[in-house]
Amino acid sequence: MKKILNITFALCLIAFMPSISKAQLKMPQASPKASVMQMVGLTEISIDYHAPSVKGRTIWGDLVPYDSVWRTGANEATVISFSDDVNIEGKKLTAGKYALLTIPSKSGDWTIIFNKKKDLWGAFGYDKADDILRVKVKQAPHDMTETMMFAFGDVTINSTNVVLRWEKIKFSFKIQVETDNKVMKLIKDSIAVNPNKASIYRQAAGYTVTSGLHLNDGLTWINKAISIKEEDRSYWTQAQILAKLGKYKEAITAGNKAIDLAKDDKDFAEAIPSIKKAVEEYKTKAK
């Protein structure tokens, strides 16, 4: 009986050994995985990369050679994705995912490459024929950055700059999107489906305040919202549009109406100080 048990135990151990041999310890990476994401208007832009550190090494011209294709990070090539078509430094790029590669230069412009073969390990397997877009950018000196990082800067509803910083240099490239056409279509479609919903008109008018575009359309929409339902938020939006149109006397009236209604609205009462401040500013500009 004991012999049978020993044999059974040995067989179980043998069966279990392959799973032990296949097991791997999950250890920290020397160049950890990182990602950044930014909404620009209605377009989502994301960058997935591995972030190397300087660690006392000479980076440019040594670890990262000049005039050669670089993965723009470590390990796998960096990948950038766009949910909609964009313009990179004024050049069109269709929605999708791309390997983001770079050719550093010691003294001239750097080349930024968007390559359709996004599953590269480093730059191994890179083929220029797979390039979808190349743009030239300037590199500039920067404070020491130990670990490479991507960031988004100067974000508006229509554009942003992608910035890479590592060691003592940085470079950036501009991304532009077609937000306005998409928003205006969305507004028109929503109004067609909900022609008597005040909140739709108010949200549409709010976009004109934020963007500074289509202000006369915005005034029409907010007037329609108020005709359906008088609300403090709508009068405040109306005041802002009127002020942007230079109609300060009317903006003062709308702002005061918003303040009066907000006094009985606990969810909007916190906006009263800001509205009062704006009304006082309108008074200095009213003729």
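This is a predicted model, so every value here is computed, not measured.

Our next topic: the pairing of strand β9 (residues 139–153). As paired strands, β9 and strand β10 (residues 159–176) are joined by 9 bridges and run antiparallel to one another. Paired with F150 across the bridge in β10 is L164. Counting the residues that bridge the hairpin from β9 to β10 gives 5 residues, and of these D154 lies at a positive phi of roughly 50 degrees.

Below, the discussion takes up the pattern of salt bridges. A pair can form between side chains of opposite charge whenever their charged atoms are brought close. Per the stated rule, a full pass over the model turns up 11 salt bridges. Ionic pairing is found between K138 and D109, a salt bridge with its closest N-O pair at 2.8 Å. Remark: D109 occurs in the loop between β6 (96–103) and β7 (110–115) and K138 occurs in the loop between β8 (131–137) and β9; sequence separation between them is 29 residues.

Turning our eyes to something else, we now look at the sheet that holds strand β1 (residues 33–40). Taken in spatial order, the 6 strands make up an open sheet running β1-β2-β3-β6-β7-β8, and their pairing is antiparallel. Each having just a single partner strand, β1 and β8 make up the two edges of the open sheet. For this sheet, the mean inter-axis angle between neighbouring strands, taken without regard to orientation, is 20 degrees. One ladder, built from 4 bridges, connects strand β3 (residues 79–82) with β6; its direction is antiparallel. When the sheet's bridge partners are listed, V79 is paired in β6 with A99.

Moving on to the packing of aromatic side chains. What the rule picks out here adds up to 9 aromatic pairs. Consider the rings of F82 and Y98, whose centres lie 6.4 Å apart with planes at 50 degrees: the pair is tilted. Taken together, the residues span a long stretch of sequence, with F82 in strand β3 and Y98 in strand β6 at a distance of 16 residues. Overall, the relative accessible area of 6% leaves Y98 in the buried class. Between Y248 and Y282, the aromatic rings sit 6.2 Å apart at their centres with planes inclined by 40 degrees, giving tilted as the arrangement. One end of the pair, Y248, is in helix α6 (residues 248–262); the other, Y282, is in helix α7 (residues 272–285), and 34 residues separate them in sequence. Taken together, the ring pairs in this structure connect W60, W70, W110, W166 and F171 into an aromatic cluster.

Below, the discussion takes up the environment of Y49. Within the secondary structure, Y49 sits in strand β2 (residues 43–50). It is 44 Å that separates the C-alpha atoms of Y49 and W236, two residues lying 187 residues apart in sequence. Those residues in contact with Y49, other than ones at most four positions away along the chain, are P32, K33, A34, S35, T78, M148, M149 and F150. From its side chain, Y49 meets the backbone nitrogen of F150 in a polar contact 3.3 Å long.

Cut-offs and rules
Residues numbered from 1 in each chain as written. Predicted model: local features only at pLDDT ≥ 70, side-chain atom pairs only at ≥ 80, totals over all residues. Heavy atoms only, no water. Pairing = 2+ DSSP bridges. Helix = DSSP H or I, 4+ residues; strand = E, 2+ residues; numbered from the N terminus. Salt bridge = Lys/Arg side-chain N within 4 Å of Asp/Glu carboxyl O. Axes fitted to C-alpha atoms, helices over the stretch in contact; angles between N-to-C directions. Phe/Tyr/Trp six-rings, centres within 6.5 Å; stacked < 30°, edge-to-face > 60°. Buried < 20%, exposed > 50% of the residue type's maximum accessible area, 1.4 Å probe, protein only. Contact = heavy atoms within 4.5 Å. Polar contact = N/O pair within 3.5 Å; in protein donor to acceptor, adjacent residues only side chain to side chain.

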